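Remarks on the overall topology
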Amino acid sequence: MTAVERAWYALRTRSNCERKVVRFIEGRGAPETFLPTYRAKTRRLGVTRVVERPLFPGYVFVALGGKWSERVAAVQAPGAVGFVCFGGRTARIDDRTMASLRILVSRSDEARPHPLLREGQAVRVVDGPFAGATGRVSRGQGRKPRLVVTIEILGRAAAAPIDLRDVEPL
């Protein structure tokens, strides 16, 4: 891999240290960094403010070349914990995934963090007309996601369409 060929990696950070890590890495003039954020309203002491929050709290994306010194500089940033690894190897993030993430963040004010929900996963509805209900996520072919509530002793279930933004995993 030459200096021109860069690969993206996820660098774990301490809580609320994402911006500090990015500033440190960029200050060294080393690799390219990417910290996707979204705007959120907060209310504190009766005052509503709009703040920028990390889309992936605890992570900063870093494009690294083949130089070992770039990796060391990134990991030495105050607040950095280490690169995400699987099987003892630093996990590379696909270029198409990073490009898609950049497009999503740059073209939408609606981008928000969302739990990864799988079919069959137990969830609780936190907003909307079904708030308080629990059930499982179901998705038929080409159909909208549904919340399925099962009554085991009857061997029956009831289902209703649900907006996945209104649920949280159990």
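Note that this is a predicted model, so its numbers are computed, not measured.

Before going further, it helps to spend a moment on a positive patch on the surface. A surface patch of positive charge is lined by Arg-14, Arg-19, Lys-20 and Arg-23. Here Arg-14 lies in the loop between strand S1 (7–13) and helix H1 (18–27).

This part takes up the confidence of the model for the chain. Per-residue confidence for the chain averages 83 on the pLDDT scale, and 88% of its residues sit at or above 70. Of all the helices and strands in the chain, strand S12 (residues 146–151) carries the lowest mean pLDDT, 64, while strand S6 (residues 80–83) carries the highest, 95.

This brings us to helix H2 (residues 68–75). Note on helix geometry: an α-helix contains 3.6 residues per turn, so any two residues three or four positions apart are oriented the same way. Looking only at H2, the buried set comprises Glu-70, Arg-71, Ala-73 and Ala-74. When H2 is viewed along its axis, its buried side chains cluster within an angular range of 165 degrees and face the same direction. Turning to H2, the residues buried within the fold contact S1, H1, strand S5 (59–64), S6 and strand S8 (89–90).

Attention shifts here to the environment of Val-125. Mapped onto the elements, Val-125 comes out in strand S10 (residues 122–125). For Val-125, a relative accessible area of 2% gives the class buried. Each C-alpha atom of the pair Val-125 and Gly-135 lies 8.4 Å from the other, and the pair is ten residues apart in sequence.

About the cut-offs
Each residue is numbered by its place in its chain's sequence as written, counting from 1. Thresholds applied to this predicted model are a pLDDT of at least 70 for local features of residues and 80 or more for the giving and counting of side-chain atom pairs; totals over whole chains, interfaces and linings are not thresholded and use all residues. Calculation of side-chain values draws on the structure's entire complement of heavy atoms; hydrogens and water are dropped beforehand. Patches here: salt-bridge-free residues with over 30% relative accessible area, like charges joined within 9 Å, nonpolar side chains (Val, Leu, Ile, Met, Phe, Trp, Tyr) joined within 5 Å. To be clear on the numbers: accessible area is Shrake-Rupley with a 1.4 Å probe, and residue cover counts the displayed protein chains and nothing else. The term salt bridge refers to a pairing of a side-chain nitrogen on Lys or Arg with a carboxyl oxygen on Asp or Glu at a separation within 4 Å. Positive residues here are Lys and Arg, negative ones are Asp and Glu, while His and the chain termini are left out of the count. For this purpose, a charge sits on NZ of Lys, CZ of Arg, CG of Asp or CD of Glu. Under the scheme used here, helices are H or I runs from DSSP no shorter than 4 residues and strands are E runs no shorter than 2 residues, and both carry numbers assigned from the N terminus. A score from 0 to 100, pLDDT tells how confident the predictor is in each residue. Only protein chains enter the accessibility calculation, which uses a 1.4 Å probe. A residue is then buried if its area is under 20% of the maximum for its type, exposed if over 50%, and partly exposed in between. Here the arc refers to the set of directions running from the helix axis out to each C-beta atom. Residue contacts follow a heavy-atom distance rule, with two residues in contact if any of their heavy atoms lie within 4.5 Å.

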